[in-house]
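Letter by letter, the chains look like this.
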Amino acid sequence: MVRVRFAPSPTGLLHIGNARTALFNWLYAKRYKGSFILRVEDTDVARSEKRYTEQIIEDLRWLGLDWQEGPGVGGDYGPYIQSERLHLYREFSHKLLNDAKAYHCYCTPQELEERRQTARSAGKPPRYDNRCRNLSDEQRNAFEGAGRPSSIRFVVSEEVVAFEDLVRGRCAFDMGLVGDFVIMKSDDTPSFHFAVAVDDALMKITHVIRGEDHLSNTPCHILLFRALGYDPPLFAHISLTMGPDRTLLSKRHGAASVSEYRRLGYLPEALVNYMALLGWCPGDKREKFNIEDAVKKFDVKDISKSASIFDQQKLDWLGSQYLREANLDRLTDLSIPHFKQSGLIQDGFDRAKIKSIVEAVRPGLSRLLQIPDEARFFFEEPTLDKKVTELLSSNTAERILTAMLKKLQQISGLDKSSPYGDKFREIVKDIGVETSLKGKALLMPIRLALTGKERGPELFAIAPILGLEECKKRIENALLILTKK
RNA sequence: GGCCCCAUCGUCUAGCCUGGUCUAGGACAUCAGAUUUUCGAUCUGAGAACUGGGGUUCAAAUCCCCAUGGGGUCACCA
């Protein structure tokens, strides 16, 4: 039975890199019909915040990554929030203390920091020198008497620890090179290493799929598992995601969290598809695939070993693919909040109209937030700026618009479903014949007058949505500005 | 700095394990053409890579070594 876990720490929003790790864990669990477990690692009291826990949970749900055990769903190995498991870490740390596999360290953070600095400037590795490992009783009593707080450190044995990483193959580390590390902080909460080992052991995790940044932590965890009397799980260290400058993806690179991409209006299936593509491919030539397809083919051993750079353009491309094939009613529902937020509609709006606007506007867009922007001219009369009026200031433009206005005044409606077919198209056709203009020369002035923009949706889709009166008004308006010049 | 991981078009990658079928395939982006009476969208096409050096071999993108480059880690952060 495969049991994998995603263990975010609620010290910030769900980062794209972490979300990808969660996705790979989720895919692996689904692929092998195992359990995906969510565990909240909130042992950093100073930086953890409840709102982040909530936000992370919301983001995972939005992405569609459901968990079989964890906050909100329970499970046999709970609690799944580390701050509710403190008694367990204390218990296990005392066990290690009794077995002489751990000891109290009285060094203060300031002392440790100073030593690290001097070591670093001397060109030496900034590791702990194990100085409290063999404290005499007198020394210990002196520290205790002075009321010095202590942390608990793990006795790291000098040996080479090797393991078979599922993506990297055999990895070996000389533990003689690493210092004894803290397992319980002086505030009696566990360090990351300890909490991870205890929880992964107790929760019977079979595969630890996590970022490559944990690769060199792994031997520490293996030693801990052994000291605690458990078999270590299998490890799979997946490559990291970088920004365009090849440094670790972070806020500096712009949007870096799932919430931000959500706010920008990417469809969750597009984001999931893109994250899966970062360091993994389904083996065939498809780039666009849904999560179920990914489940069928996914395996950690196929994950690329090298780091990958987050490519906004490719995400946008995928975003546009999903946007154009999304169910139109769903898309309409999803974009309505964005319309409201940009002040384009209020309660009591015409849903059918919004739907046709969304349909007209969606090709070429990659996310929901772009929809109201692209559709703004449907709601607000365009302000013809200097550039547009310049583009319009040819006498052919004036001829076209004058003819158009005249023809529009002679008809009673632009309705696409009128028995006369597409009136607007007919009118344009006639004007084309009359002026012997065609193509861009013919259509661009009309587009500019109607929308105020050089680019936008299909012109013949715009007019019927705008309606006859609005079209007349806008053309009149454009002519007014032109003749005034 | 020590240790560890990694290295194919600008980017994501296929191929590497099990050398020959690779004059290295696909996708995004770029450029060009076509099409839509249209900017965009769409379609078609083009340019674009095995980091370098040594081996091993009849043969190396593929196996080995070194160099270089990138990244990670060495916290009472996770």
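A quick note: this is a predicted structure, and the numbers were derived from the prediction, not measured.

Attention now goes to the protein's contact with RNA strand B. In the vicinity of RNA strand B, 70 residues are found, and the nearest of them are Arg168, Arg246, Arg447, Arg455 and Glu458. Among the atoms of RNA strand B lying within 4 Å of the protein, the sugar-phosphate backbone contributes 71%. Lys185 places a side-chain nitrogen or oxygen 2.6 Å from a phosphate oxygen of RNA strand B. Gly439 places a main-chain nitrogen or oxygen 2.6 Å from a sugar or linking oxygen of RNA strand B. Of the residues forming the surface near RNA strand B, the biggest block, 6 residues, is contributed by helix H18 (residues 439–451).

Attention now goes to the sheet that holds strand E4 (residues 151–154). In space, the 3 strands of this open sheet follow the order E3-E4-E7, with antiparallel pairing throughout. The open sheet has two free edges, formed respectively by strand E3 (102–105) and strand E7 (182–184), since each of these has just one partner strand. The mean angle between the axes of side-by-side strands here comes to 45°, regardless of whether they run parallel or antiparallel. Pairing of E4 with E7, which is carried by 2 bridges, proceeds in the antiparallel orientation. What sits directly across from Arg153, in E7, is Val182.

Under the definition given, this model contains 42 salt bridges. Two residues, Arg39 and Asp200, come together in a salt bridge whose shortest N-O distance is 2.9 Å. Pair noted here: Arg39 is in the loop between strand E2 (35–38) and helix H2 (50–63) and Asp200 is in helix H6 (residues 192–202), with a separation of 161 residues, a long-range link. As far as the burial class goes, Arg39 and Asp200 line up, both buried. Notably, a salt bridge pairs Arg51 with Glu49, separated by 2.6 Å at the nearest N-O pair. Given a relative accessible area of 32%, Glu49 falls into the partly exposed group. A network of salt bridges, in which partner residues are shared, links Arg5, Arg39, Glu41, Arg85, Asp199 and Asp200.

Counting across every chain of the model gives 0 disulfides. Sulfur of Cys105: no disulfide; nearest cysteine sulfur belongs to Cys107 and is 3.7 Å away. Here Cys171 stays free of any disulfide, with the sulfur of Cys220 as its closest cysteine sulfur at 14 Å. The exposure class assigned to Cys171 is buried, which follows from its relative accessible area of 11%.

Looking now at the pairing of strand E1 (residues 3–6). Covered by surrounding structure in E1 are Arg3 and Arg5 together with Val4 and Phe6, the residues of both alternating faces. The handedness of the E1 to E2 crossover, carried by helix H1 (residues 16–31), is right-handed.

We note that the domain assignment places domain 1 (3–82 + 242–309), domain 2 (85–238), domain 3 (326–379) and domain 4 (386–484) within chain A. The C-alpha-based centres of domain 3 and domain 4 are spaced at 23 Å. With 9 residues of domain 3 in contact, the opposing surface of domain 4 contributes 11 residues. Between domain 3 and domain 4, a total of about 840 Å² is buried, with carbon and sulfur atoms accounting for 65% of that surface. When the buried surface of domain 3 facing domain 4 is broken down by residue, Glu374, Phe377 and Phe378 rank first, second and third, together holding 66% of it. Arg455 is the partner of Glu374 in a salt bridge, and the nearest nitrogen-oxygen pair spans 3.4 Å. Applying the counting rule to domain 3 against domain 4 returns 2 residue pairs in polar contact (both at pLDDT 80 or more). Of all the secondary-structure elements, those providing two or more residues to the side of domain 3 that touches domain 4 are helix H13 (351–361) and helix H14 (370–379). No other element matches H13, which puts 5 residues into the side of domain 3 that touches domain 4. Here the side of domain 3 that touches domain 4 is composed, by residue class, of 5 nonpolar, 1 polar and 3 charged.

A few words on the packing of aromatic side chains. Enumeration over the complete set of coordinates arrives at 14 aromatic pairs. Taking the centre distance of 5.5 Å and the plane angle of 55° together, the rings of Tyr261 and Tyr266 count as tilted. Accessibility assignment for this pair places Tyr261 and Tyr266 in one class, buried. An angle of 80° between the planes, with centres 5.1 Å apart, marks the rings of Tyr274 and Phe310 as edge-to-face. One end of the pair, Tyr274, is in helix H9 (residues 268–277); the other, Phe310, is in the loop between strand E11 (308–309) and helix H11 (312–325), with 36 residues separating them in the sequence. Each member of the pair, Tyr274 as well as Phe310, is classed as buried. Connected via pairs of aromatic rings, a cluster forms that spans Phe24, Trp280, Phe289 and Phe298. Over the ring of Tyr322 we find Lys288, and its NZ or CZ is 4.7 Å from the ring centre.

Between helix H3 (residues 86–98) and H6, the least distance of the axes is 10 Å, while the angle of their chain directions is 100°. In terms of their interaxial angle, H3 and H6 are classed as roughly perpendicular. For the pair formed by H3 and H6, the contact residues are Leu88, Tyr89, Phe92, Ser93 and Leu96 on the first element and Phe194, Ala195, Val198, Asp199 and Leu202 on the second. Here the contact of H3 with H6 is composed, by residue class, of 8 nonpolar, 1 polar and 1 charged.

Cut-offs and rules
- Residues numbered from 1 in each chain as written.
- Chains lettered and ligands numbered in written order.
- Predicted model: local features only at pLDDT ≥ 70, side-chain atom pairs only at ≥ 80, totals over all residues.
- Heavy atoms only, no water.
- Near = heavy atom within 4 Å.
- Polar contact = N/O pair within 3.5 Å; in protein donor to acceptor, adjacent residues only side chain to side chain.
- Helix = DSSP H or I, 4+ residues; strand = E, 2+ residues; numbered from the N terminus.
- Pairing = 2+ DSSP bridges.
- Axes fitted to C-alpha atoms, helices over the stretch in contact; angles between N-to-C directions.
- Salt bridge = Lys/Arg side-chain N within 4 Å of Asp/Glu carboxyl O.
- Buried < 20%, exposed > 50% of the residue type's maximum accessible area, 1.4 Å probe, protein only.
- Disulfide = S-S within 2.5 Å.
- Right-handed = clockwise from strand over helix to strand, strands pointing away.
- Domains from an automatic or database assignment.
- Contact = heavy atoms within 4.5 Å.
- Buried area = accessible area lost by both parts, 1.4 Å probe.
- Nonpolar A, V, L, I, M, F, W, Y, C, P; charged D, E, K, R; others polar.
- Phe/Tyr/Trp six-rings, centres within 6.5 Å; stacked < 30°, edge-to-face > 60°.
- Lys NZ or Arg CZ within 6 Å of the ring centre and 35° of its normal.
- Parallel < 35°, antiparallel > 145°, perpendicular 65-115°, else oblique.

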